[in-house]
Amino acid sequence: MLNNMKIGTRLGAGFGFLFFVLLVIGGTGYWGMQAMSGATLKMLRTDAAIAEHSARLRANILGLRRFEKDSFINIASAEKVADYFKKWNGERESVEMRLADLEKAATSQQDKDVIRNMRGHFTAYTAGFQEVYGQIQAGKIKTTQDANKAIEKYKESVHGMEN
């Protein structure tokens, strides 16, 4: 059949076929780029947001621990202890906001479970530190060592929260 066609017709059919192949390859490439773009945007909206909020949460938790230790070190000065408790409360509010941000960003059940676990550890730590602070205010705890002993029973929650 090709032998009976004119050369112009053969060339036209060949170029037509190549144009069709080019369109198929171009369409496939476009579809692949759209799929990659969608996956990248999803990753940026979820995984990157979770990583950012987690890093900020870690910094806030370290701030809590810092103000906790500073209040214990300065236990002899009621004014400094009260000042560090105010700073601790400010950092506590930041931790709560970060946890809320993480809950909004989490999409997988595994992430949601980890955040729920962190919130439980945070609640236990918060109650423990406030209890120790109350004992310091009441004069029951008078030394740094006593304060560290009192917070000792909440260390598991502290480390669970940090991890």
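Okay, so let's go over this structure. Every chain is numbered on its own, with residues counted from 1 as its sequence reads. pLDDT decides what is reported in this predicted model: residues at 70 or higher carry local features, side-chain atom pairs at 80 or more are listed and counted, and totals for whole chains, interfaces and linings draw on all residues regardless. Only heavy atoms go into the side-chain values, all of them from the structure, while hydrogens and water stay out.

**Observations concerning the packing of helix 2 (residues 47-73) against helix 3 (residues 78-105)**
- Comment: axis = line fitted to C-alpha atoms, over the contacting stretch for helices; angle = value between 0 and 180 degrees taken between N-to-C directions. Secondary structure elements are taken from DSSP: a helix is a run of H or I of four residues or more, a strand is a run of E of two residues or more, and numbering for both begins at the N terminus. As a packed pair, helix 2 and helix 3 sit with axes 9 Å apart at the nearest point and diverge in direction by 160°. Considering the angle they form, helix 2 stands roughly antiparallel to helix 3. Two packed elements cross with a definite hand, and for helix 2 against helix 3 that hand is left-handed.
- Residue composition of the contact of helix 2 with helix 3, grouped by class: 14 nonpolar, six polar and eight charged. Here the word oblique covers every angle except those under 35 degrees (roughly parallel), over 145 (roughly antiparallel) and from 65 to 115 (roughly perpendicular). By convention, the crossing between two helices is left-handed when the near helix turns anticlockwise from the far helix through less than a right angle, and right-handed when the turn is clockwise. Residues were grouped as follows: Ala, Val, Leu, Ile, Met, Phe, Trp, Tyr, Cys and Pro as nonpolar; Asp, Glu, Lys and Arg as charged; and all remaining residues, including Gly, as polar.

**What about a nonpolar patch on the surface?**
- Put simply, a patch holds well-exposed residues, over 30% relative accessible area, that have no salt bridge, with like charges counted together within 9 Å and Val, Leu, Ile, Met, Phe, Trp or Tyr side chains within 5 Å. We get accessible surface area from the Shrake-Rupley algorithm with a probe of 1.4 Å; when it comes to residues, only the shown protein chains can shield them. Criterion for a salt bridge: a side-chain nitrogen of Lys or Arg within 4 Å of a carboxyl oxygen of Asp or Glu. A cluster of nonpolar side chains, I7, L11, F15, F17 and L18, forms an exposed patch at the surface whose accessible area comes to about 590 Å².
- Of note, F17 is situated in helix 1 (residues 7-45).
- Look at F17 and you get exposed, because its relative accessible area is 54%. Three labels apply to residues, based on accessible area from a 1.4 Å probe with only protein chains included: buried if under 20% of the type maximum, exposed if over 50%, partly exposed otherwise in between.

**Focus on the packing of aromatic side chains**
- In summary, the pairing rule links any two rings of Phe, Tyr or Trp, Trp by its six-membered ring, whose centres are within 6.5 Å, and it sorts them by plane angle into stacked for under 30 degrees, edge-to-face for over 60 and tilted for everything else. Summed over the entire model, instances satisfying the criterion amount to eight aromatic pairs.
- Measuring from centroid to centroid gives 3.7 Å for F85 and Y133, while their planes differ by 5°, and the two rings are stacked. With F85 in helix 3 and Y133 in helix 4 (residues 109-137), this pair connects stretches of sequence that are 48 residues apart. Pair check on accessibility: F85 and Y133 agree, each one buried.
- An aromatic cluster is built from F72, F85, W88, Y125, F129 and Y133, whose rings are joined through pairwise contacts.

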